[in-house]
Amino acid sequence: MVGFILLADGVSGAQNLSIFDPASPSAESIRALFILVLAVTGAIFLLVEGVLIYSIIRFRPRAAARPAAGEGTEPPQVYGSMPIEIAWTAAPGLIVFLLALILTRAEYEVRVNPDNPPPGAKPLYVTVIGHQWWWEYVYEKYDGRQLGFITANELHIPVSEDGVPRPAYLTLLSADVCHSLWVPRLAGKTDLIPGRTNQMWFQSSEVDLYLGQCAEYCGTQHAHMLLRVNVDSVAQFQAWLDNQAKPAVDDIAVREGRDAFLSQSCINCHRVRGTRAKGTYAPDLTHLMSRQTLASGMVPNTRDELRKWVANPQQVKPGCLMPAFGLSERQVDLIISYLTTLN
Ligand code: CUA
């Protein structure tokens, strides 16, 4: 059935991705519109099919006594009746007009207006950049304060509670091809298009984990371009923000691992804030271990999975843009010892 999908994300088991279980105002508007249109068109379908089936059965010519034309079981024929002609032209026109009005209202309800948040709101602004095949999030501003850190694949937004709306306004960009951001329980799909800026917004009053998926074919690993939206309690969100804002931990116990990491070409693509790893092409690793998954939601972020990933990303996610660097076992161990401290 349309929109009713249960997706196993391989990390947290089956998760609810149903558009019939909305958790934000715009997803609620979309569900209400869908159900209304389905009811109206369903009623028309039943009426037309009902009359058709009734006519087929009621006026079927009997094999035994086939009546002559114009006689017997044939229904009375009506020609040139002005009132009937007007009625069945006007009725569909009226239905289409009413549906257009309701659609316009729904469009208005889901529209984004990042410059004009609701009164008393504490808005969050995030720029989302689609990459083959992961999501980059640049946290810009929250409740009037500048942020300016970058993370990947797992979005955190604060819950709206105690009458304070905390909308998250997303500015959507793409680094390469077209992608589409879709978190069914939070909003409709919006495309990320190279050379164009789109906007969307989330707002939820339910603390939960919401799963999403890239919804526009973008290359071999399109199906593995998953995303997670954590709607956190206000305190949790603040703690997460405070941690993300810090530079990477510099644990003296893993100096050797850090040097192994910094001496490899990892640093051409990845950034670890506070070190000379300043790449911008691949996910920011400053707080890598604060993420629940690796490879854009494919596998849990555990030491074992991380080791497999660093040793040979192509085995985990064939076609991804990170090559295997032919590191020795010892080099991989050292790099993992460092990366696992980045929480
Ligand atoms: Cu990105 Cu499909």
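Residues numbered from 1 in each chain as written. Predicted model: local features only at pLDDT ≥ 70, side-chain atom pairs only at ≥ 80, totals over all residues. Heavy atoms only, no water.

Participant: I keep staring at the overall build of the protein chain and nothing clicks. Help me out?
Facilitator: Across its full length, the protein chain holds eight helices and 14 strands. For 343 residues, the compact-globule estimate of 2.2 N^0.38 gives 20 Å, and the protein chain exceeds it by more than 25% at 28 Å. The dimensions of the protein chain, computed from C-alpha atoms along their principal axes, are 100 × 50 × 35 Å. Per-residue burial over the protein chain gives 42% buried out of 343 residues. Between the averaged position of the 28 positive side-chain charges in the protein chain and that of its 32 negative side-chain charges there is a distance of 2 Å. (Helix = DSSP H or I, 4+ residues; strand = E, 2+ residues; numbered from the N terminus. Rg over C-alpha atoms; globule rule 2.2 N^0.38 Å. Buried < 20%, exposed > 50% of the residue type's maximum accessible area, 1.4 Å probe, protein only. Lys, Arg positive; Asp, Glu negative; His and termini not counted. Charge placed at Lys NZ, Arg CZ, Asp CG, Glu CD.)

Participant: In this structure, what is going on with the pattern of salt bridges? I would like to understand it.
Facilitator: Counted under the stated rule, the structure contains twelve salt bridges. The residue Asp 21 makes a salt bridge to Arg 185 at a minimum N-O spacing of 3.4 Å. Of this pair, Asp 21 sits in the loop between strand 2 (14–16) and helix 1 (25–58) while Arg 185 sits in the loop between strand 8 (179–182) and strand 9 (190–192), and the two are 164 residues apart along the sequence. Between Arg 271 and Asp 284 there is a salt bridge, and its shortest N-O distance comes to 2.6 Å. Placement of Arg 271 in the loop between helix 5 (266–269) and strand 13 (293–294) and of Asp 284 in the loop between helix 5 and strand 13 is noted, with a sequence separation of 13 residues between them. Overlapping salt bridges, with partners in common, bring together Asp 21, Arg 185, Glu 206 and Asp 208 in one network. (Salt bridge = Lys/Arg side-chain N within 4 Å of Asp/Glu carboxyl O.)

Participant: What am I meant to see in the pairing of strand 11 (residues 208–214) here?
Facilitator: Across a regular strand the side chains alternate sides, sitting on one face of the sheet and then on the other. Counting buried residues in strand 11 gives six out of seven residues, a clear majority hidden from the surface. Alignment of strand 8 against strand 11, held across two bridges, turns out to be antiparallel. Counted as the bridge partner of Leu 181 is Cys 214 from strand 11. For strand 11 and strand 12 (residues 226–232), the ladder comprises six bridges, and the chain directions are antiparallel. Across the sheet, residue Leu 211 finds its bridge partner in strand 12, namely Arg 228. (Pairing = 2+ DSSP bridges.)

Participant: How should the pairing of strand 7 (residues 168–174) be read in this particular structure?
Facilitator: The element strand 7 is largely enclosed, with a buried count of five among its seven residues. Note that strand 3 (residues 124–131) and strand 7 share seven bridges and pair parallel. The residue bridging Thr 127 from the neighbouring strand is Thr 171, located in strand 7. Two strands pair when backbone bridges link them, and strand 7 and strand 10 (residues 198–202) are joined in this way by five bridges, in the antiparallel orientation. Looking at the pairing, Leu 170 lines up with Met 200 of strand 10.

Participant: Explain the sheet that holds strand 10 here, please?
Facilitator: Two modes of strand pairing occur in sheets, parallel and antiparallel, and in both the strands are linked by backbone hydrogen bonds. Strand order in the open sheet formed by five strands is 5-4-3-7-10, and the pairing between neighbours is mixed. On the outer flanks of this sheet lie strand 5 (145–152) and strand 10, each paired with one strand and no other. Put simply, the sheet's adjacent strands are angled 20° from each other on average, direction ignored. (Axes fitted to C-alpha atoms, helices over the stretch in contact; angles between N-to-C directions.)

Participant: Teacher, can you tell me more about unusual backbone geometry here?
Facilitator: Among all residues except glycine, the phi angle is most often negative; among peptide bonds, the trans geometry is most common. Geometrically, the link from Gln 132 to Trp 133 is a cis peptide bond, its omega value of -5° lying close to zero. On the secondary structure map, Trp 133 appears in the loop between strand 3 and strand 4 (134–142). Non-glycine residue Asp 162 carries a positive phi angle of around 55°. Mapped onto the elements, Asp 162 comes out in the loop between strand 6 (154–158) and strand 7.

Participant: Mind showing me how you'd approach a nonpolar patch on the surface here?
Facilitator: Residues Leu 36, Leu 94, Phe 97, Leu 98, Leu 101 and Ile 102 make up a contiguous nonpolar surface patch of about 540 Å² in total accessible area. With respect to the secondary-structure elements, Leu 36 resides in helix 1. For Leu 36, a relative accessible area of 33% translates into the label partly exposed. (Patch = residues over 30% accessible without salt bridge, like charges linked within 9 Å, V, L, I, M, F, W, Y side chains within 5 Å. Areas by Shrake-Rupley, 256 points an atom, 1.4 Å probe, with all protein chains shown as cover.)

Participant: Explain the confidence of the model for the protein chain here, please?
Facilitator: Reading fine detail from the predicted coordinates is not recommended where pLDDT is low. With 92% of its residues at a pLDDT of 70 or more, the protein chain shows a mean pLDDT of 89. In this model residues 1–10 is a low-confidence stretch, pLDDT under 50, and it forms 25 contacts with partners more than four residues away in sequence or in other chains. (pLDDT = per-residue confidence, 0-100. Contact = heavy atoms within 4.5 Å.)

Participant: How should I be thinking about the side chain of His 287 in this particular structure?
Facilitator: The topology assignment puts His 287 in the loop between helix 5 and strand 13. When its relative accessible area of 4% is taken as the criterion, His 287 is described as buried. Within polar-contact distance, the side chain of His 287 engages the backbone oxygen of Asn 343 at 2.8 Å. What His 287 contacts, discounting residues up to four positions off in sequence, is Asn 243, Gln 244, Lys 246, Pro 247, Arg 273, Leu 342 and Asn 343. (Polar contact = N/O pair within 3.5 Å; in protein donor to acceptor, adjacent residues only side chain to side chain.)

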